[in-house]
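Summary of the model geometry
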Amino acid sequence: MSANERSMTAESDTSIHHPGSDSRPRTRLAPSPTGDLHLGNARTFLCNWALARRLGWSIILRHEDLDASRAVPGSCERIEASLHWLGLDWDGPSRLQSENLDPYIDAMRTLAGGDLVFRSDLSRREVREAIGAPHGGELVFPATLRPIERDRWGFMDRSAGHRFAMPGGEEVVRDEIFGTCTFDPAKEGGDPVVWTRDGRPAYQLAVVVDDLLDGVTDIVRGDDLLSSAARQQRLGQALGRGTPPRWWHLPLVHDQDGRRLSKRDGDLGLDALRTAGVSPERVVGLLLHLGGFVPEPAPIHARDAVGLINPERLTTLSESERGSPCRLGQEDLDWLRS
Ligand code: GLU
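Keep in mind that this is a model prediction, so the values were computed, not measured.

It is worth spelling out the side chain of Ser 120 at this point. Structurally, Ser 120 can be placed in the loop between strand 4 (117–119) and helix 6 (124–131). Exposure remark for Ser 120: the relative accessible area of 9% places this residue in the buried category. Looking at Ser 120, its side chain comes within polar contact range of the main-chain nitrogen of Leu 122, at 3.5 Å. Apart from the residues lying within four places of it in its own chain, the contact partners of Ser 120 are Phe 141, Arg 152, Gly 161, His 162, Arg 163 and Arg 197.

Around the ligand sit Arg 28, Ala 30, Ser 32, Glu 64, Tyr 203, Val 207, Arg 221 and Leu 225, and that is every residue in its neighbourhood. The contact in question runs from a nitrogen atom of the ligand to an N or O atom on the backbone of Ala 30, over 2.8 Å. Between the ligand and the protein, one listed contact pairs a nitrogen atom with a side-chain N or O atom of Ser 32 at 2.9 Å. Within the complex, 76% of the 300 Å² of free accessible area of the ligand lies under protein. Split into classes, the residues belonging to the shell around the ligand amount to four nonpolar, one polar and three charged.

With that out of the way, let us pick up the side chain of Asp 175. Here Asp 175 shows up in strand 6 (residues 171–175). Buried charge without a salt bridge: Asp 175, with Arg 221 as the nearest opposite-charge side chain at an N-O distance of 7.3 Å. Excluding its chain neighbours within four sequence positions, the residues that come into contact with Asp 175 are Leu 226, Trp 247, Trp 248 and His 249.

Structurally, the position occupied by Phe 45 is in helix 3 (residues 39–55). Aside from chain neighbours lying at most four places away, what touches Phe 45 is Leu 29, Ala 30, Pro 31, Leu 37, Leu 83 and Leu 88.

With respect to topology, three strands assemble into an open sheet ordered 4-5-8, the strand pairing being antiparallel. The open sheet terminates on both sides in strands that have one partner only, identified here as strand 4 and strand 8 (193–195). Sheet twist, expressed as the mean angle between neighbouring strand axes with direction ignored, is 40°. Relative to strand 5 (residues 162–164), strand 4 runs antiparallel, the two sharing three bridges. Considered in strand 5, the bridge of Phe 118 is made with Arg 163.

Conventions and cut-offs
Residues numbered from 1 in each chain as written. Predicted model: local features only at pLDDT ≥ 70, side-chain atom pairs only at ≥ 80, totals over all residues. Heavy atoms only, no water. Helix = DSSP H or I, 4+ residues; strand = E, 2+ residues; numbered from the N terminus. Buried < 20%, exposed > 50% of the residue type's maximum accessible area, 1.4 Å probe, protein only. Polar contact = N/O pair within 3.5 Å; in protein donor to acceptor, adjacent residues only side chain to side chain. Contact = heavy atoms within 4.5 Å. Near = heavy atom within 4 Å. Areas by Shrake-Rupley, 256 points an atom, 1.4 Å probe, with all protein chains shown as cover. Nonpolar A, V, L, I, M, F, W, Y, C, P; charged D, E, K, R; others polar. Lys, Arg positive; Asp, Glu negative; His and termini not counted. Salt bridge = Lys/Arg side-chain N within 4 Å of Asp/Glu carboxyl O. Pairing = 2+ DSSP bridges. Axes fitted to C-alpha atoms, helices over the stretch in contact; angles between N-to-C directions.

What follows is the structure in structure tokens.
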């Protein structure tokens, strides 16, 4: 095993970010600092936090701030304030991914050592044109676009874009909520970007490296990332992760028009709700109701959510419950503001 490979094993290096003495399972809250948290983010973080507190996992807070073009100044502080307002906490200080790029560079070297990354500066438009793909839908970067020249394989130039040569074949994701899901990441997404053309670690790489080095055992997040779990398992294997994390993918929260909540729903941001005089107990109560943990919306303190967010309910959702997003109706919003 090379020094790089050794540095990527969870056992040896959890101390890089967090003291290794805590042997409890560990989860992470991983917000992107692109603005205020909306109700959908709040639902994920509330479930994540309550499961952790109920099941005795430790919690770290990691701001996923590598994409400077999307970062909104001041959001890390606002997100932490919103989480505290909601009644959530975490163990130890929070951290920013951008604080130290060394682990990502090490990971790229490990991948390069296995001939698993190649340089590619093709833009999305160029990939589309090269493969004759129509606009819309997920863009698949096929193995046929991998370079033939040897000198484009490796990690020599940090200012150039790089992709991971996704191995072919099926990858099984065992999700606590969705059960056993089988993906073929090479066919479904192709070779993902692991290092961007503007010279920084890409999401897929950074999240895998951090979950490995942080010793994260349980990942709770929205089900829009379920297929990414297959890619992330593959990347984790390539970086020496023995067993994948336990995944808990939650159905997303949609607005009245059936669209997933996003930053454009500014008035559903926690900051805006707080300013409008909505209490955190109402937000928690509504989120528990939307998740089917309580029959009617009622004000609930976050500490009482720990007893109400029952993992059994999450792991036994019916296929239609898992397959359909929670819908935030006008009556829910009226109740929130009443
Ligand atoms: N930072 C990501 C987001 O806000 C979360 C990624 C993950 O949970 O893996 O969507």
